[in-house]
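Here's the letter readout for the chains.
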Amino acid sequence: MKRVIIAIVLISVSVYTGIYSLNETKRICNNMISRIDTITEYNTDILENDNHDKRVEFYKKTQNLHDVWEENSKFFYFFFNNDDIKQLELNIEKLPEHAKNGDLETTYLCLVECKEELEYIKNSVKLNFDNVF
Amino acid sequence: MLTTIIRVVILYLFVSAAIRIMGKRNIGELQPTELVITLLLSEFASIPIEDNSIPLINSLIPVMILISLEIINSVISMKSTKFRNISDGNALLIIKDGKLDQKQLKKLRFTVDDVLSALRQKDVFDINEVAYAIIETNGTLSVLLKPKFQNATKQDVKVKTKNDGYTCPVIIDGVVLKKNLDVLEINKEDIEKILEKKQVNKKQVFLMNIDKNKNTEIILKE
C-alpha cells in the first residue's frame with residue numbers, strides 16, 4: 001500500500017510539474033511577446049515622430065522587458081536547455097543599451113529575434129503528437 | 001565542474017532511492033520489466049551529468065515516472081495472473097527425467113551449451129542426474145536432481161538433531177539490533193549479561209551472533 005501511495009504521489013508530482021511548466025511558459029512568453037509588440041510600436045513611432053519623451057519611454061520599456069526576463073529567467077533555466085534560451089537572453093541583455101544609444105535599427109532587429117525565440121519556446125512546450133514522434 | 005559534482009550527488013541519491021523503492025537488490029533477480037527500468041534509469045540519470053546545459057528536472061521527472069510505472073506494474077501483477085504472465089512470462093520446464101525438451105529450447109532460443117553451463121553452475125555435470133530443470137522468468141535455472149543423486153539429509157541417515165534455531169547478528173559495530181533481539185525472543189539485558197561474563201564492552205564488539213539457545217560468537221573490533 002505504501003508503494004502504491006508513493007507511485008501515485010510521484011505521478012501526480014510529474015504531471016503537475018509538466019502542466020505547470022506548460023502553463024507558466026505560455027503565460028511568461030505571451031507576457032513578454034505583448035511587451036515586445038508594444039516596444040516595436042514605439043520603435044516605429046519614434047521613426048515617424050521623434051521626441052525626447054518618446055525615446056525615454058522607449059528606453060524604459062526595454063529596461064522593463066529586461067527586468068521581467070530577470071525575474072523569470074530562473075524558471076526558464078529550470079525547465080529549458082541552456083542553448084535554447086542563451087540567444088534570447090543575449091538579445092534581451094543588449095536591448096536597453098541599444099535603446100539608450102538611440103540605435104533604433106539594431107533594437108528593432110533584437111526585438112524581432114526575441115519574439116521569434118519566445119514563439120519557439122512557447123511552441124516547444126505544446127503537447128502535440130508531432131513533438132512526441 | 002562544481003555543477004557536475006552537485007548533479008552527480010543529487011542523481012546518485014535519487015536513483016539509489018528509486019531502486020530501493022522498487023524493492024530489488026540483486027540484479028540477477030530482476031524480472032524483465034524491472035531490468036528494463038534499471039537500464040533506463042541509468043540512461044536518464046547520465047544525461048544531465050554529461051551535459052550541464054540540460055536541466056536536472058529533465059532527468060528527475062522521467063525517473064519518477066519510471067518508478068511509478070514499475071510500482072503500478074508490480075501491483076497489477078500481484079492482483080492478476082494473466083497480466084503477470086504477459087509481463088513476466090512463465091517458467092518453462094526444459095529437462096524432464098534427464099531428457100532435454102528441444103522444442104522448449106528452440107522457443108527460448110537457448111543452446112545446449114547454455115543449458116550445460118547453467119547446470120554446471122548448479123554443480124550438476126551429468127544431465128542424466130536431473131529429474132526436472134526449469135528456466136525461471138528471470139532467466140535463472142532451477143534444478144531438482146533425481147532422488148538417488150540428491151545429497152543425503154540427516155533424516156535419511158537417521159541422525160538425531162537438535163534445533164539450535166536461527167543464528168542472528170544482534171550487535172554490529174557496537175550497535176545492538178533490537179529487531180533481531182525480538183526475532184530470537186531475547187532481551188537486551190541477556191545480551192549485556194553475556195557480554196559481562198566474557199568481560200567485553202558492547203562498543204568493542206564488531207559482530208555478535210547468537211542463536212535461540214544463547215550460543216554466541218563474538219568478533220571484537222581490531
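Structure's up top.
Owing to the predicted nature of the structure, the values given are computational and were not obtained by experimental measurement.

A. A look at the interface of chain B and chain A. Tallying the contact residues gives 18 residues for chain B and 16 residues for chain A. Each partner contributes to the roughly 1,300 Å² buried at the junction of chain B and chain A, and carbon and sulfur atoms together form 72% of this total. The three residues of chain B that bury the most area against chain A are Ser-53, Ile-57 and Met-64 of chain B, which together make up 33% of that side's buried surface. For the pair chain B and chain A, the number of links is zero salt bridges. The interface formed by chain B and chain A includes one residue pair in polar contact (both at pLDDT 80 or more). At the level of secondary structure, the elements contributing two or more residues to the side of chain B that touches chain A comprise α1 (2–22) and α3 (57–79) of chain B.

B. Looking closely at a negative patch on the surface. There is a patch of like negative charges on the surface, built from Asp-83 and Asp-84 of chain A together with Glu-43, Glu-50 and Asp-51 of chain B. Position of Glu-43 of chain B among the secondary structure elements: in helix α2 (residues 32–50).

C. Broad picture of the side chain of His-66 of chain A. In this structure, His-66 of chain A sits in helix α2 (residues 52–79). If near-sequence neighbours (up to four positions away) are discounted, His-66 of chain A is found in contact with Ile-92, Glu-93 and Pro-96 of chain A.

D. Highlighting the sheet that holds strand β7 (residues 205–210) of chain B. Residues and elements named next belong to chain B. An order of β6-β5-β7-β8 is seen for the four strands of this open sheet, with the pairing classed as antiparallel. The sheet is open, and its two borders are formed by β6 (175–176) and β8 (216–220), each paired with just one other strand. Where β7 lies against β8, five bridges are found, and the strand directions are antiparallel. Paired with Leu-207 across the strands is Ile-219, a residue of β8.

E. Summary view of unusual backbone geometry. Phi is positive for Lys-158 of chain B, which is not a glycine, with a value near 55°. Note on placement: Lys-158 of chain B falls in the loop between β4 (141–145) and β5 (168–172).

F. Representation of a nonpolar patch on the surface within the structure. There is a patch of nonpolar side chains on the surface, built from Met-1, Ile-5, Val-9 and Val-13 of chain A and spanning about 400 Å² of accessible area. On the basis of relative accessible area, Val-9 of chain A is assigned to the partly exposed category, the value being 44%.

G. Quick look at helix α8 (residues 188–197) of chain B. All names here are of chain B. Inspection of α8 places Asp-190, Ile-191, Ile-194 and Leu-195 among the buried residues, and these make up the whole buried set. Buried residues of α8, viewed axially, fall in a sector of 135°; they line one side. What points out from α8, more than 90 degrees from its buried face, is the exposed set Lys-193, Glu-196 and Lys-197. In this fold, the buried residues of α8 make contact with β5, α7 (178–184), β7 and β8. Looking one or two places after α8, you find Gln-199, whose phi comes out positive at around 55°.

What counts and what doesn't
The numbers attached to residues start from 1 for each chain and follow its sequence in the written order. Chain A is the first chain written and ligand 1 is the first ligand written, with later ones labelled in order. Totals for whole chains, interfaces and linings use all residues, but because this is a predicted model, local features are given only for residues with pLDDT of at least 70 and pairs of side-chain atoms are given and counted only at 80 or more. With hydrogens and water set aside, each side-chain value is computed from the structure's full complement of heavy atoms. Contacts are assigned to residue pairs that have any heavy atoms within 4.5 Å of one another. The term buried area denotes the loss of accessible surface (1.4 Å probe radius) that occurs when two parts are joined, taken as the sum for both partners. For salt bridges, the criterion is a side-chain nitrogen of Lys or Arg within 4 Å of an Asp or Glu carboxyl oxygen. What qualifies as a polar contact is a pair of N or O atoms within 3.5 Å, subject to a donor-acceptor requirement within protein and to the restriction that residues adjacent in sequence count only when both atoms come from side chains. Only runs of H or I of at least four residues qualify as helices and only runs of E of at least two qualify as strands under DSSP, and these elements are numbered from the N terminus. Without a salt bridge and with relative accessible area above 30%, a residue can belong to a patch; like charges are then joined within 9 Å and nonpolar side chains (Val, Leu, Ile, Met, Phe, Trp, Tyr) within 5 Å. For the accessible areas, the method is Shrake-Rupley and the probe is 1.4 Å, while residue cover comes only from the protein chains on display. Asp and Glu are treated as the negative residues and Lys and Arg as the positive ones, with His and the ends of the chain left uncounted. All charge positions are set by atom: Lys at NZ, Arg at CZ, Asp at CG, Glu at CD. Note: two strands are recorded as paired if DSSP finds a minimum of 2 bridges between them. Only protein chains enter the accessibility calculation, which uses a 1.4 Å probe. A residue is then buried if its area is under 20% of the maximum for its type, exposed if over 50%, and partly exposed in between. The directions from the helix axis to the C-beta atoms form the arc being described.

It is worth stressing that arrangement in space is one thing and function is another; only the former is reported here.
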